[in-house]
Amino acid sequence: GVVITDALPSNVTFARWIEQDSATEDSGQISWTGDIINGESIMLSFVVTHNGEYRDMVENTAYYKYNDYIGSDSATFEVMSAIEFRSCLLLNLASKSTLKSMLPIKAI
């Protein structure tokens, strides 16, 4: 099976799921375990609230493990105004890589 984990940075707080696909969140730890066949994708999408200061640098790293293959991906951004972060984790085993952390930003 596949395991995905994402310990959210200390300057954000989990707000809500957009696309959960049976993932869980507990005290800032996102987790998903399941099976993905070759060519299939899993997407986890959620919203966090920034609780730090303007000009903070926020780095989020998600990790995945599939058999003996372990990988990660990170996204970093600077907080410039009051914003809502939508984080999207996408894993596609067809390319054997790629957990993509995408962080579109919506001003609030």
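Just so we're clear, the structure is a prediction, and the values are computed from it rather than from any experiment. (Residues numbered from 1 in each chain as written. Predicted model: local features only at pLDDT ≥ 70, side-chain atom pairs only at ≥ 80, totals over all residues. Heavy atoms only, no water.)

1. Description of the sheet that holds strand β3 (residues 24–26)
Note the cut-off: By this definition, two strands are paired if DSSP reports at least two bridges between them. Helix numbers and strand numbers start at the N terminus; a helix is a DSSP run of H or I with at least 4 residues, a strand a run of E with at least 2. Only the stretch in contact is used when fitting a helix axis, every axis being a line fitted to C-alpha atoms; angles between N-to-C directions are given from 0 to 180 degrees.
The strand order across the open sheet formed by five strands is β3-β4-β1-β6-β7, and the pairing between neighbours is antiparallel. What marks the edges here is a single partner per strand, and that holds for β3 and β7 (69–78). The mean angle between the axes of side-by-side strands here comes to 15°, regardless of whether they run parallel or antiparallel.

2. Some points on the pattern of salt bridges
To keep things clear, this is the line we draw: One side-chain nitrogen of Lys or Arg within 4 Å of one carboxyl oxygen of Asp or Glu is enough to make a salt bridge.
As enumerated under the stated definition, the model contains one salt bridge in all. The partner of Arg55 in a salt bridge is Glu78, with the nearest N and O atoms 3.0 Å apart. Of this pair, Arg55 sits in the loop between β5 (41–50) and β6 (57–66) while Glu78 sits in strand β7; the two residues are 23 residues apart in sequence, bridging distant segments of the chain.

3. Topic: the side chain of Asp56
For clarity, the cut-off: Exposure categories follow from relative accessible area, calculated using a 1.4 Å probe and restricted to protein chains: below 20% of the type maximum is buried, above 50% is exposed, and the middle band is partly exposed. In this tally, Lys and Arg are treated as positive and Asp and Glu as negative; His is ignored, and so are the chain termini. Two N or O atoms form a polar contact when they lie within 3.5 Å of each other; inside protein one atom must be a possible hydrogen donor and the other a possible acceptor, and for residues adjacent in sequence the pair counts only when both atoms belong to side chains. The criterion used for residue contact is that any of the two residues' heavy atoms lie within 4.5 Å.
Looking at the element boundaries, Asp56 is found in the loop between β5 and β6. Notably, Asp56 is buried but unbridged: the nearest opposite-charge side chain belongs to Arg55, and the N-O separation is 8.8 Å. Within the structure, Asp56 has its side chain in polar contact with the side chain of His50 (distance 3.1 Å). Non-local contacts of Asp56, meaning those with residues more than four positions away in its chain, are made with Asn11, His50, Phe77, Glu78 and Val79.

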